[in-house]
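# Commentary on secondary and tertiary structure
Letter by letter, the chains look like this.
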Amino acid sequence: KRHHKLIYHTICQKVWEFDSADWDDIAQDIRFEFCEAIPKFRGENKEGQKCKLSTYLKGIAVKICIKKHKEKSRRDKRKRDIDPGRPPSVSPEEQMLEKENEAELMEVWSELPKNIRHILYLHYIAGLTYHEIAEQL
């Protein structure tokens, strides 16, 4: 509670472009990460200089904000890539070809092992990096 303002001040910076609806979730992630990292706190930074607990928390908050910002950017990019804005009038031949392609894709997708489908989903749909997927698995 003592560092509530510090956490929200970090999250609310315009550089991250977070929606206010996401602030509480990100703050919760920061608190969780801080609780996990507190046993590692030794009162000094990587260079051996003395460091306050609030400085340590600020570093964790910035790290989480960077991670969330990258995730958001990847999701936004995926959304733009999936639907780049199709022309309003599509010929019947193009519609038929698209339906055939979708059917073929779904057939191939259903034949993949479940664990492979999960990895592909996490990377191409959820926008996670391979390192983030490895951590989850």
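Here's what I pulled together on the structure shown here. (Residues numbered from 1 in each chain as written. Predicted model: local features only at pLDDT ≥ 70, side-chain atom pairs only at ≥ 80, totals over all residues. Heavy atoms only, no water.)

With the rule as written, the count across this model stands at 1 aromatic pair. Their ring planes at 45° and their centres at 4.9 Å tell us that Phe-41 and Tyr-56 sit as a pair that is tilted. Highlighted residues: Phe-41 in the loop between helix H2 (23–37) and helix H3 (53–82) and Tyr-56 in helix H3, separated in sequence by 15 residues. (Phe/Tyr/Trp six-rings, centres within 6.5 Å; stacked < 30°, edge-to-face > 60°. Helix = DSSP H or I, 4+ residues; strand = E, 2+ residues; numbered from the N terminus.)

The next thing to look at is the pattern of salt bridges. Within the structure shown, the criterion is met by 4 salt bridges. Between Glu-33 and Lys-63 there is a salt bridge; the shortest N-O distance is 3.3 Å. Of this pair, Glu-33 sits in helix H2 while Lys-63 is found in helix H3, placing the two residues 30 residues apart along the sequence. Look at Lys-63 and you get partly exposed, because its relative accessible area is 47%. Note that Arg-74 is salt-bridged to Glu-132, the shortest N-O span being 2.8 Å. Here Glu-132 lies in helix H6 (residues 130–136) and Arg-74 lies in helix H3, a separation of 58 residues in the sequence. Both residues of the pair, Arg-74 and Glu-132, belong to the buried class. (Salt bridge = Lys/Arg side-chain N within 4 Å of Asp/Glu carboxyl O. Buried < 20%, exposed > 50% of the residue type's maximum accessible area, 1.4 Å probe, protein only.)

Of all the residues in helix H1 (residues 4–11), the buried ones are Ile-7, Tyr-8, Thr-10 and Ile-11. For H1, the arc enclosing every buried residue in end-on projection is 155°, short of the 170-degree limit, so these residues lie on one face. For H1, exposure combined with an orientation more than 90 degrees from the buried face picks out Lys-5 and His-9. (Arc of directions from axis to C-beta.)

Take the state of the cysteines next. One pass over the structure, following the stated rule, counts 0 disulfides. Counting only cysteine sulfurs, Cys-65 is the nearest neighbor of Cys-12, a cysteine outside any disulfide, at a range of 8.9 Å. Since its relative accessible area comes to 32%, Cys-12 is described here as partly exposed. Cysteine Cys-35 shares no disulfide, and the gap to the nearest cysteine sulfur, in Cys-65, comes to 16 Å. (Disulfide = S-S within 2.5 Å.)

Turning our eyes to something else, we now look at a negative patch on the surface. A contiguous patch of negative charge, built from Asp-19, Asp-22, Asp-24 and Asp-25, is present on the exposed surface. Relative to the helices and strands, Asp-25 is located in helix H2. Look at Asp-25 and you get exposed, because its relative accessible area is 51%. (Patch = residues over 30% accessible without salt bridge, like charges linked within 9 Å, V, L, I, M, F, W, Y side chains within 5 Å. Areas by Shrake-Rupley, 256 points an atom, 1.4 Å probe, with all protein chains shown as cover. Lys, Arg positive; Asp, Glu negative; His and termini not counted. Charge placed at Lys NZ, Arg CZ, Asp CG, Glu CD.)

Another aspect to go through is the side chain of Arg-74. Take Arg-74: its relative accessible area is 18%, and that puts it in the buried class. Excluding anything up to four places from it in sequence, Arg-74 contacts Gly-127, Leu-128, Thr-129 and Glu-132. (Contact = heavy atoms within 4.5 Å.)

The next subject is the environment of Leu-53. You can see Leu-53 is positioned in helix H3. Accessibility expressed as a relative area gives 26% for Leu-53, which makes it partly exposed. When residues no more than four places from it in sequence are discounted, the contact partners of Leu-53 are Arg-2, His-3, Phe-34, Ile-38 and Phe-41.

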